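So you can see what is in the structure, the chains are spelled out below.
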Amino acid sequence: MRTLPNLHLARPRDLADDRLDPQSRAAAAYAVGRFAIALIALVMLSVRTATGPGQDLVPVLLVHVAFALSALVAGLVVLAADDAARARWVHGLVLADVMAFALYSLAFSSVPGAGTLWPVFVLLAGPLLWGWRGVLMTGVPTGVIASLLPQRDELGQASTAWEVWLLVLLLTVPAAVVSTFVRRGSLRLARAEEHFRTAFDDASSGMALLHRDGRILRANPALHALLGVEQLTGARLADFATDEQVLLTGLAGLSSEHRASRFEVGLQGADVEPRWVSVVASAICTDGQVRRVILQAEDITERRRLQDRLAFEATHDSLTGLPNQRVLHDALCEALAEHRPVAVLFVDLDRFKLVNDSLGHAAGDRLLVAVSHRLQACLRAEDLVARLGGDEFVILCRPSDDDGAAQANQLAQRVVLALRPAHSTLDGMLSATGSVGVALSNGDATVGTLIRDADTAMYAAKAAGGNRAMVFNDQLRLDVVRRHEIESGLRDALDAGGPSLAYQPIIDEAGRIVAAEALLRWTHKGVPIDPAEVVVVAEQSALIGDLGWFVLRRALQESATWPADVRLHVNVSAHQLDDGFHDALAALLQETRPLPGRLCLELTETAVRDDIDGLVTKLQQLRALGIRLAIDDFGVGNASLTYLARLPVQDLKIDRSFISGLPDDAGNVAIVAGVAAMARAYGMQIIAEGVETRAQDLTAVRLGCTQRQGYLHHRPMTHDALQRLWPLEPPLVAVPRARAVADGSVFRAVR
Ligand code: C2E
Ligand code: MG
Ligand code: MG
């Protein structure tokens, strides 16, 4: 709402043209003429009274004074009348005045000055004012009375009745003819004006008649209602415009050549909501000049709101109300085109999926809105934050000077810190820390490369544990290139029959091979690639599914010839455990038909970290397929011991980092002993990974690790090499433990 602008009231001169209709104008002219004649008569009578003989002319003088005053009042009332009904009353009064004057003139025809002047005026006034009706109302009564009364002229000569009638006809008929023609034209004009007024006043859209300087001469009720103002006459319309310039420009374009202009402008009235109107302004010109402007204003507020909403929706994210990717793209293009330093911050929430999966999407949405508020609070006026989708936000930072890197870094740190405290939402306190990647523009940066580099840096921040910011640098660029190379090479390798597998045996307390773990081996361009790296790249590029099924199928096929009591361990990434995994595995088992209990899937703790209830259900379904489950690398992740009680797993592989500290590291000794005791309590086998020395091996056994795996006993080997380890004939001879531990090639010795 805004206060009403000062009204510049129009002076009556400006409005006179618009108020008087032609008939009122004629009545006014009569009143003026009548006043003038009364004055002349007064002067003549006064002179006569002062100089002439004996007649008492005072009553006559008074009557003339009264006539003069009544004419003056009638004239002023006519001038002031601004509506037709009042004007008609005035015309009635003037008619009565004419009649009275006619009678008076006749009655006092002997009065000097009245005998010729008054009848002539009366005889002309009636027909001029009312046409043929005027002849009937004034001319005929005058003629009749005059022909009945004895008439004398100024010289005292008697005049006859036919002379009187001739005078009446000569004066009234031409006056009536002239008046009729004039009145017909006036009538047409008056009707046209009446139609215009009706259309103007009854129009549902706002209408105004403007002076050429923009002041409102007349406004219809719809415009008053639109602006919530009772009196608009005399106000400047531009004072109501939300953008005065638009209105003034629209009106300034009018001329005798360009008589109409159209534009849209916002109007703000008093105590009403601002309205948008579509304006058609038409010029009324005379002598090549714009005199008046008719303005028609149609309320288009709803349409504009809809347009604005559609425009907003096209450029903003519907959930958070933040600008969307399109706005970001345009702003980045603009900033790059100006060759100003630009930084892009890619923000991704850590483990947001967990919120969505465990609390539902509505909770996830609420969290995203809360995050968007925090991000906005971190920004400076010149920065922009957009939501790309999901839990991904991008901030466009426009550093104010050359030290752009420092400013972008500071902003990134502010964002990380701002996201750190838990968010209070309807769903309770939710934590959503963020990983931020920063990329800075250089000479040849494009929108695509900036966002890609910031995304890469964000991934690096996430890989480093999240909840931190990282700036894109050359090393990251190399990592990306390498990752890309590994990805495309692996895709080709899988298409061409796949990488190969190595197997690393697991032995029991007696040194017997009770299982062998399948491990990926892939040589790309002659260089062996670290399987852990291959798996990470595959996980990031969604190749993990294909790779995982390749390993499972190959390992199941190759293990078909193994001794019956040797298990096959296969590593399974958490990314593989999607909803289709169970059915696909069931189909594969149907196809390869491994011995019952042969297959054991090793899951790392990262799989355990996510939605525990969902995981328990999934694992139970897998168990129902007749397979074993193991937790791999236990101790390095976040899985707590309490989880273990709930997970349907049979084997626990304690991570190499704990075994390597044995036997001297008291902490590791305590941990391994505790984990082994707990695993025993849950009925699990505990497998020590990465056993490299005899001391480690002996300590692991002493602490309760029932099975071991490591370079001390067997390195990962080809399938052919593994086959050579199998005893030619079962059963195996029990090997003394000390000897088995001392000699990694125990089976060969026995064979
Ligand atoms: P992991 O499942 O824990 O496998 C054991 C890793 O430890 C193997 O490394 C093995 O060569 C190594 N190792 C075994 N004994 C010793 C030892 O005494 N000393 C040392 N220093 N290392 C030992 P590798 O083959 O490089 O595999 C690394 C990781 O890559 C695996 O760790 C596993 O997480 C992953 N991986 C390997 N193959 C696959 C696969 O087919 N699928 C999936 N999802 N992951 C796999
Ligand atoms: Mg493993
Ligand atoms: Mg392991």
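Being a predicted model, the structure only gives us computed values, none of them experimental. (Residues numbered from 1 in each chain as written. Chains lettered and ligands numbered in written order. Predicted model: local features only at pLDDT ≥ 70, side-chain atom pairs only at ≥ 80, totals over all residues. Heavy atoms only, no water.)

Okay, the packing of helix H13 (residues 361-378) against helix H14 (residues 404-419) next. Packing of H13 against H14 leaves a shortest axis separation of 9 Å and a crossing angle of 145 degrees. Considering the relative orientation of H13 and H14, their crossing is right-handed. In contact with Val-371, Arg-374, Leu-375 and Cys-378 of H13, H14 contributes Leu-411, Arg-414, Val-415, Ala-418 and Leu-419. Here the contact of H13 with H14 is composed, by residue class, of seven nonpolar, no polar and two charged. (Axes fitted to C-alpha atoms, helices over the stretch in contact; angles between N-to-C directions. Helix = DSSP H or I, 4+ residues; strand = E, 2+ residues; numbered from the N terminus. Left-handed = near helix turned anticlockwise from the far one by under 90°. Contact = heavy atoms within 4.5 Å. Nonpolar A, V, L, I, M, F, W, Y, C, P; charged D, E, K, R; others polar.)

It is worth spelling out the sheet that holds strand S4 (residues 216-219) at this point. Read from one edge of the open sheet, five strands run S4-S3-S7-S6-S5, paired in antiparallel fashion. What marks the edges here is a single partner per strand, and that holds for S4 and strand S5 (260-267). In this sheet, neighbouring strand axes are inclined to one another by 25 degrees on average, regardless of whether the strands run parallel or antiparallel. Where S5 and strand S6 (residues 275-286) come together, eight bridges link them in antiparallel fashion. Bridging from a neighbouring strand, Phe-263 pairs with Val-279 of S6. Running at roughly 170 degrees to S5, helix H9 (residues 244-252) makes contact with strand S3 (206-211), S5, S6 and strand S7 (289-299) of the sheet. Helix H10 (residues 301-315) contacts S5, S6 and S7 of the sheet and is inclined by roughly 130 degrees relative to S6. (Pairing = 2+ DSSP bridges.)

The next subject is the coordination of the magnesium ion (ligand 2). All of the protein donors around the magnesium ion (ligand 2) are Glu-517 (OE), Asn-571 (OD1), Glu-602 (OE) and Asp-632 (OD); their distances to the metal are 2.0 to 2.2 Å. Mapping the donors of the magnesium ion (ligand 2) onto the primary sequence yields the spacing E-x53-N-x30-E-x29-D. Separation of the magnesium ion (ligand 2) from the magnesium ion (ligand 3) amounts to 3.9 Å, with Asp-632 serving as a shared donor to the pair. One end of the pair, Glu-517, is in strand S16 (residues 513-524); the other, Glu-602, is in strand S19 (residues 599-604), with 85 residues separating them in the sequence. The same class applies to Glu-517 and to Glu-602, which are both buried. (Donors = N, O, S within 2.8 Å, 3.2 Å for Na, K, Ca; no water. Buried < 20%, exposed > 50% of the residue type's maximum accessible area, 1.4 Å probe, protein only.)

Let's shift gears to the coordination of the magnesium ion (ligand 3). For a metal with four tetrahedral donors the ideal donor-metal-donor angle is 109.5 degrees, while six octahedral donors give ideal angles of 90 or 180 degrees. Only Asp-632 (OD), Asp-633 (OD), Glu-689 (OE) and Glu-689 (OE) from the protein reach the magnesium ion (ligand 3) as donors, at distances of 1.9 to 2.8 Å. For Asp-632, a relative accessible area of 4% corresponds to the buried category.

Summarising the element assignment, Arg-567 is placed in strand S18 (residues 567-572). A polar contact is formed between the side chain of Arg-567 and the side chain of Gln-707, at a distance of 3.2 Å. If we skip the residues at most four places from it in the chain, Arg-567 touches Val-514, Ala-515, Ala-516, Trp-562, Gly-597, Arg-598, Arg-628, Asp-651, Ile-687 and Gln-707. (Polar contact = N/O pair within 3.5 Å; in protein donor to acceptor, adjacent residues only side chain to side chain.)

Taken together, 21 residues sit near ligand 1, with Glu-517, Asn-571, Asp-632, Glu-692 and Tyr-711 positioned nearest. Side-chain polar atom of Arg-656 to a nitrogen atom of ligand 1: 3.0 Å apart, as the coordinates give it. Within the contact set of ligand 1, an oxygen atom lies 2.8 Å away from a backbone nitrogen or oxygen of Tyr-711. Protein chains bury 84% of the 790 Å² of accessible surface belonging to ligand 1 in isolation. Taken together, the elements giving at least two residues each to the shell around ligand 1 come down to S16, helix H17 (531-541) and strand S20 (628-634). Among the elements that take part in the shell around ligand 1, S16 stands out by supplying four residues, more than any other. (Near = heavy atom within 4 Å. Areas by Shrake-Rupley, 256 points an atom, 1.4 Å probe, with all protein chains shown as cover.)

Turning our attention to the pattern of salt bridges. Applying the stated criterion across every chain yields a total of 32 salt bridges. Between Asp-317 and Arg-387 there is a salt bridge, and its shortest N-O distance comes to 3.0 Å. Placement of Asp-317 in the loop between H10 and helix H11 (325-337) and of Arg-387 in strand S9 (residues 384-389) is noted, with a sequence separation of 70 residues between them. Its salt-bridge partner being Arg-452, residue Asp-453 comes within 3.2 Å of it at the nearest N-O pair. On the basis of relative accessible area, Asp-453 is assigned to the buried category, the value being 10%. Each of Glu-517, Glu-602, Lys-653 and Glu-689 takes part in one network of salt bridges that share partners. (Salt bridge = Lys/Arg side-chain N within 4 Å of Asp/Glu carboxyl O.)

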